[in-house]
Protein chains: 4
Amino acid sequence: MPRNIRVEKLTQTPIEKQEIEIVERKGVGHPDSMADGFAEAVSRSLCNEYIKKCGTVLHHNTDQVEVVAGRSCPEYKGGELISPMYVLLVGRATKEFQDCKIPTDTTAVKAAKQYLKNTLPDIDSEHDIIIDCKLGVGSTDLQSVFRRGQAPMANDTSFGVGFAPFSETENIVYNTERQMVLNFKKDIPAIGTDIKVMGMRKNDKITLTVACAMIGKYIDDASHYFSIKEELSDKICDLAMKYTNREVEVFVNTGDHEESGCVYLTVTGTSAEMGDDGSVGRGNRCNGLITPNRPMSMEATSGKNPINHVGKLYNLLSNRMANDIAEKVPGIEDVHIRILSQIGHPIDQPLIASAQVIPEAGANMSVIKSESEAIIDQWLADITKVTEMIARGELDTF
Amino acid sequence: MPRNIRVEKLTQTPIEKQEIEIVERKGVGHPDSMADGFAEAVSRSLCNEYIKKCGTVLHHNTDQVEVVAGRSCPEYKGGELISPMYVLLVGRATKEFQDCKIPTDTTAVKAAKQYLKNTLPDIDSEHDIIIDCKLGVGSTDLQSVFRRGQAPMANDTSFGVGFAPFSETENIVYNTERQMVLNFKKDIPAIGTDIKVMGMRKNDKITLTVACAMIGKYIDDASHYFSIKEELSDKICDLAMKYTNREVEVFVNTGDHEESGCVYLTVTGTSAEMGDDGSVGRGNRCNGLITPNRPMSMEATSGKNPINHVGKLYNLLSNRMANDIAEKVPGIEDVHIRILSQIGHPIDQPLIASAQVIPEAGANMSVIKSESEAIIDQWLADITKVTEMIARGELDTF
Amino acid sequence: MPRNIRVEKLTQTPIEKQEIEIVERKGVGHPDSMADGFAEAVSRSLCNEYIKKCGTVLHHNTDQVEVVAGRSCPEYKGGELISPMYVLLVGRATKEFQDCKIPTDTTAVKAAKQYLKNTLPDIDSEHDIIIDCKLGVGSTDLQSVFRRGQAPMANDTSFGVGFAPFSETENIVYNTERQMVLNFKKDIPAIGTDIKVMGMRKNDKITLTVACAMIGKYIDDASHYFSIKEELSDKICDLAMKYTNREVEVFVNTGDHEESGCVYLTVTGTSAEMGDDGSVGRGNRCNGLITPNRPMSMEATSGKNPINHVGKLYNLLSNRMANDIAEKVPGIEDVHIRILSQIGHPIDQPLIASAQVIPEAGANMSVIKSESEAIIDQWLADITKVTEMIARGELDTF
Amino acid sequence: MPRNIRVEKLTQTPIEKQEIEIVERKGVGHPDSMADGFAEAVSRSLCNEYIKKCGTVLHHNTDQVEVVAGRSCPEYKGGELISPMYVLLVGRATKEFQDCKIPTDTTAVKAAKQYLKNTLPDIDSEHDIIIDCKLGVGSTDLQSVFRRGQAPMANDTSFGVGFAPFSETENIVYNTERQMVLNFKKDIPAIGTDIKVMGMRKNDKITLTVACAMIGKYIDDASHYFSIKEELSDKICDLAMKYTNREVEVFVNTGDHEESGCVYLTVTGTSAEMGDDGSVGRGNRCNGLITPNRPMSMEATSGKNPINHVGKLYNLLSNRMANDIAEKVPGIEDVHIRILSQIGHPIDQPLIASAQVIPEAGANMSVIKSESEAIIDQWLADITKVTEMIARGELDTF
């Protein structure tokens, strides 16, 4: 059956040419991202356990993880937690299948602790955080999901959304957080993981407002703190220059008051240690950004089962498609993808898969259409491969 | 100080002229909406309790409410719950202020129970649902919030987004759910509150996919169920015709299998009774819709404090501004509003308040600019009135 | 098989002739008794639901109920709760049996709410208390429990203990609480249910120390409070006189300070509203008393399954046996019963059933032995009737 | 003021001469003992933290700890947990004192994890168990507790109970568990910590029924299991012989069925891994035993604050006094101590401190009286030293 694919020319000012652009990224230690990260780590680990024990991924959704804030006493050269942070791994998972018991809850706890060590190393996993787990029972509806040689049925009527390529501001916002964690931290160990980068472009000027939780034990005193801020600000500015010729202005921790000594100091590098709770699906979209100028989906991607949860699959797929089209099809300024399912229908046969393309001046729209359609069709044909990519951890979800 | 307001002409195909449009609304009994509803009801009730006891709204955020699914045995002419649904009212609230103790948790429980009775009457509040409450302690930072005669300081660097007017499809999707609950239910008591309306317009054909949890006790048997579906489908079709001349196709509960007897039957009218959990901020935006073709914000609006939480205030404000501009300023096809705060700055002085306007052919852009700017400026000047409107319950948040 | 029954003469000063005697009773509104009461009400209700749905009582233990204190602002003529009390109905129950789903959790919630209304009427069940329920899964091991025409196998190696008759002090302590709740409250509505009666007899003088949570809304002011205390003290003294010719001294709420205004005032009549938590099995033994002079068991009786949980059955049975022997067998001062099970053996065949008898001077010990043995043997033969009496609510457990 | 001390001669068959005696001990890995152990470890650690930060022990009670069972798949040579065990450290603690914040919750978590490593080494603290902590707020009532140079005021009207010396059966039961954990395990690593020893003496025959959770990873197969049982049974028998010349019969894991392969196998050495929950105060009394033939108190000792909680102090004190009297005063068969407080009175001035003594034939009762009174008086005078001993961990509580 031919798929219902539409490629449409969109008359619209491309993002780079709009006057105002707003882009946000929450870093991996932001409480909402922590929730996303735990939810996806648990889901991935369950996928692999299911494959090991049962030969296939069984039904689960771990997308209700909650991060409940602790209380802390941050100090220069030290500080301690008063009450630990609390993470509740919650959701539903298949716990028994054909006489095989799957250790879902211990798997979840292990995955979360491993994730913690890999991603949030400044949190003492023994004493600063409690990882609790209360997975409810879910059940795998075999008929709808396992159809030999065929795509599973959609779990819901839902849609996914993606776009490409990233604008300059989007690239800067995304990479600022990534580089702070992966590179700048080597020189500035005080950098925490709870980073929020807000980029605002007004014509040719880009303003970056960066909130970064600083870790007290690596900082001697207030003057050290402020010198670190300056160093960090310079590094961010230098980094941004690689992506743009526009003017860039950087603000770091604008809430600080040098006189009153009120600064953004933490023990563990995240505001979850003191008052800020986090939930799955309320932060970055699966491309790593929050972009009010761009099409977005509300669906939480992290923690959803990657077999037939269209809210997860179609969002990840839309971004893959958009990236491929933007890279491989000539003459494209921006491309937006939307895929809509109908509950109970095969996931490789969406109700609609729509691409909106803003072509470059003079581009050949009919070439764009046929090549884009082919790319979309191929990804839909390969949709079960996306499930495997997710289980292998090859696709980011936030 | 003059405000930083930008009104920009946007070259873009207006929504009604785009080929593909996708619009979704989750009804009040959808688990995510339930979470939103409880969160906002609690916040509103706390506002009024704070005003009564302390003369002003104190700091709180109740936006982490969780709805945990129960287990049910639905049946025609009856059915019962096996395990009750569980609602955890969680978040943070100021519990003491100048020697006055505020009964935050009992206020929250009362508000939630009242909300339940008003909005979800088919749920037996005594036995089908557990309302639990574990509000953490928050504290009111007096300096930043209460500044005599002045606007409070922004709690965060964040943005709000709005647009107007609604397209035909948006109007249909929104009103389908509203009319099902408020009117159709009078004739068809089996209509539950967990309704999901997905609208997809492809050029001049609108497809509505409606999932509606049916209440077993009002239905005699399968044949009655299917006759109700038909009646409902007709009513929805008739309603849609009031908003459009386009072709409309309606699908109700497409997941049903008439042969196998598999239908969407519930005891209480919501899927939260059997396996579907819900969280705040993952459903409708504050205009009541999810619209991937339109600018959106990720911020949860429900349950946030309405004093200085820009994620809440700016989203509500953006939609007010957009509506006013669309109504009062002549020559406008679509208007998009974005407002961006910077932490620690007064909320009536955003970093940017941006309007993107798609003018009608021949419209006078300079008139549009000046009139739109005036409307935006006036709303920002009146921003503390929005706080009051929220406390009085005059603004919907989902 | 003959049962292993031993009746032994015990050389011991009978309780009434010992110099010092200490007896305690926690009233039904004491947090520990609340936990006991909820646990047993839930177990009883599950028994009846199991019988209704499956024809027999299935495995469950609901003896881990927790009462978590709220916070309150008591006042004369009023007062309100700041945070509700929280009751967690927890334990294990069989949720499915031969394709029948048993609504264990909703049954538990209903039972707890009903118990609340019947027993603790001054607590507003809607807003002052949260009844939560998280029953885990248990399973009925059919082989060991259901043996046609035979007694079930003991779930554990454990023992039960009982004695009779009550001493004067024991009767006074028990009936003081009972009469305060059932009779005195008609005249003095301010009497709460959280009553603790401590009786100490030193030779021929009995000192009663009574702590009684007073309910603010029924009291006008401090002078009213102290007049109520006096009235109550007189009534208790009069009551005690019915049970003894010894001297009786009564202290009510000795912690009060008339000068500082520090009194034992509550909103709901229980200290669970403000800081005092409660657990199952930490208060009264199943005869309603705590008696360090007497043999006691540590086993929680309330909430245990009444089929094969010897910790419950043997405690209730021991007291029945002791009462029967004390009433029917002539020449007995005191009788103590102990019954010891061995896991996996039939519950009507204990490892030992021992009676220790303190005979009156001149009593015929061989008659006592044979009659006591007969009574013990009969009760063991009828042990499954005890299960039925428990399910019908005919036996108190605390 | 002279203290109210009574030493009374009790006419009673001494324990060793009674026909039937029942004694029980729950080992450190029994779920109820686990709860006791965590509760006391947390309290002790809080005491030390309070002393470090504030110079004195502040108010707290951590006696509501709950151990919620996990689910496991035990196997010979291995096995794994399906769901982790869950420990909730709950109770109340003073979190702020004179501008000093005390890290109560992190202290509690650290103490519990340390306790786990020291006492329950076969439980993987990383993945097999979740340590959660939700301490409520308590407050230190300074006036009643801190009275310069004087004893604090009693927190309640309550009593403590003790006796000495241990009978043969009591010694055997106590030391069986202790030696299994401390010595036998060196040779038989399969011995778990969840041990229940039930001793029954019938005249001159002692029957020991021992339930011991065996650890699968140290056992090759069923035949290995049963050979271990035999070895263990022999060792227990040999041990018992050191304490008695009576006949001793030992049963180990009587619930096993060799034919059906049903044995008492675990992954971690405790039944808390599979279905058995535990609570504070429902197991051993503070002398380490449950003894229905002996005076007992219902008060939970573990986790209570050691400053003015008479339920804790008087139980520990009663046993110290009884031991001292039994050791130092000549001519004593058995001694029972009971101490009764009245709320609001100094803890060194109990309402009554009563000793009941069963003298040896021919003992001089007036010497016994005067020497016993002196010992009791001295301990009451030194009562604040007991607080210090508890904080230093010198007194066992279960």
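In what follows, the accompanying structure is described. (Residues numbered from 1 in each chain as written. Chains lettered and ligands numbered in written order. Predicted model: local features only at pLDDT ≥ 70, side-chain atom pairs only at ≥ 80, totals over all residues. Heavy atoms only, no water.)

Overview of helix H1 (residues 31-54) of chain B
Residues and elements named next belong to chain B.
Part 1 of the argument: With 24 residues, H1 extends 34 Å from end C-alpha to end C-alpha; this agrees with the ideal 34 Å at 1.5 Å per step.
Part 2 of the argument: By the criterion of burial, H1 is predominantly enclosed, with 18 of the 24 residues buried.
Part 3 of the argument: In the segment just after H1, Gly55 is the residue with positive phi, at about 85°. (Helix = DSSP H or I, 4+ residues; strand = E, 2+ residues; numbered from the N terminus. Expected span 1.5 Å × (residues − 1). Buried < 20%, exposed > 50% of the residue type's maximum accessible area, 1.4 Å probe, protein only.)

A word on the sheet that holds strand S11 (residues 159-164) of chain B
Residues and elements named next belong to chain B.
Part 1 of the argument: An order of S1-S18-S17-S11 is seen for the four strands of this open sheet, with the pairing classed as mixed. Edge positions in the open sheet fall to strand S1 (5-9) and S11, since each of these has one partner strand only. Within this sheet the neighbouring strands show an average axis-to-axis angle of 15°, counted without direction.
Part 2 of the argument: Sheet analysis places S1 next to strand S18 (residues 352-359), joined by five bridges and oriented parallel. Bridged to Lys9 within S18 is Val357.
Part 3 of the argument: This element, helix H7 (residues 365-381), spans S1, strand S17 (332-340) and S18 of the sheet and lies at about 145° to S1. (Pairing = 2+ DSSP bridges. Axes fitted to C-alpha atoms, helices over the stretch in contact; angles between N-to-C directions. Contact = heavy atoms within 4.5 Å.)

A word on the interface of chain A and chain D
Part 1 of the argument: On the chain D side, the residues contacting the 29 residues of chain A number 29 residues.
Part 2 of the argument: Across the chain A to chain D interface the summed buried area is about 2,300 Å²; carbon plus sulfur atoms make up 52%.
Part 3 of the argument: Counting every contact that joins chain A to chain D gives eight salt bridges.
Part 4 of the argument: Linking Glu126 of chain A and Lys117 of chain D is a salt bridge whose minimum nitrogen-to-oxygen distance equals 2.8 Å.
Part 5 of the argument: Where chain A packs against chain D, one counts 12 residue pairs in polar contact (both at pLDDT 80 or more).
Part 6 of the argument: Those elements that place two or more of their residues in the side of chain A that touches chain D are strand S5 (71-75), strand S6 (78-83), helix H2 (104-119) and strand S10 (129-137) of chain A.
Part 7 of the argument: Sort the elements by how many residues they give to the side of chain A that touches chain D and H2 of chain A lands first, with seven residues. (Buried area = accessible area lost by both parts, 1.4 Å probe. Salt bridge = Lys/Arg side-chain N within 4 Å of Asp/Glu carboxyl O. Polar contact = N/O pair within 3.5 Å; in protein donor to acceptor, adjacent residues only side chain to side chain.)

Here we look at the sheet that holds strand S11 (residues 159-164) of chain A
Residues and elements named next belong to chain A.
Part 1 of the argument: Strand order across the open sheet formed by four strands is S1-S18-S17-S11, with mixed pairing between neighbours. At either margin of the open sheet sits one strand with a lone partner, and together these are strand S1 (5-9) and S11. Recorded for the sheet is a direction-independent mean angle of 15° between the axes of neighbouring strands.

Observations regarding the relation of the copies chain A and chain B
Part 1 of the argument: Rotating chain A by 180° and moving it 0.0 Å along the rotation axis overlays it on chain B with an RMSD of 0.0 Å. Both copies of the chain, as the preceding transformation shows, are related through a two-fold rotation axis. Scanning chain A for the C-alpha nearest the rotation axis identifies Gln12 of chain A, at a separation of 1.8 Å.
Part 2 of the argument: Of the residues that chain A buries at the interface, 100% are likewise interface residues in chain B, meaning the two copies contact each other through the same surface. (Least-squares fit on C-alpha atoms with pLDDT ≥ 70 in both.)

What about the interface of chain A and chain B?
Part 1 of the argument: Taken together, the contacts link 59 residues of chain A with 59 residues of chain B.
Part 2 of the argument: Where chain A meets chain B, there are eight salt bridges.
Part 3 of the argument: As a salt-bridge pair, Asp277 of chain B and Arg92 of chain A come within 2.8 Å of each other at their nearest N and O atoms.
Part 4 of the argument: Our count for the chain A to chain B interface comes out at 31 residue pairs in polar contact (both at pLDDT 80 or more).

Structural notes on the pattern of salt bridges
Part 1 of the argument: A complete count under the given rule lists 140 salt bridges over all chains for this structure.
Part 2 of the argument: The salt bridge involving Arg3 of chain A is made with Asp377 of chain A; its shortest N-O contact spans 3.1 Å. Here the residue Arg3 of chain A occupies a position in the segment before S1, and Asp377 of chain A occupies one in helix H7 (residues 365-381), the gap between them amounting to 374 residues.
Part 3 of the argument: In this structure Asp377 of chain A comes out as partly exposed when scored by relative accessible area, which is 30%.
Part 4 of the argument: Of the charged contacts in the structure, one is a salt bridge between Glu333 of chain D and Lys17 of chain D, with a shortest N-O distance of 2.9 Å. A residue pair is termed long-range when its members are at least 10 positions apart, and Glu333 of chain D in strand S17 (residues 332-340) and Lys17 of chain D in the loop between strand S1 (5-9) and strand S2 (20-26) qualify at 316 residues.
Part 5 of the argument: According to the relative accessible area criterion, Glu333 of chain D is partly exposed, its value standing at 24%.
Part 6 of the argument: Several salt bridges share partner residues, and in doing so they unite Glu16, Glu168, Asp204 and Arg246 of chain A into one network.

Worth remembering: the numbers are spatial, not functional.
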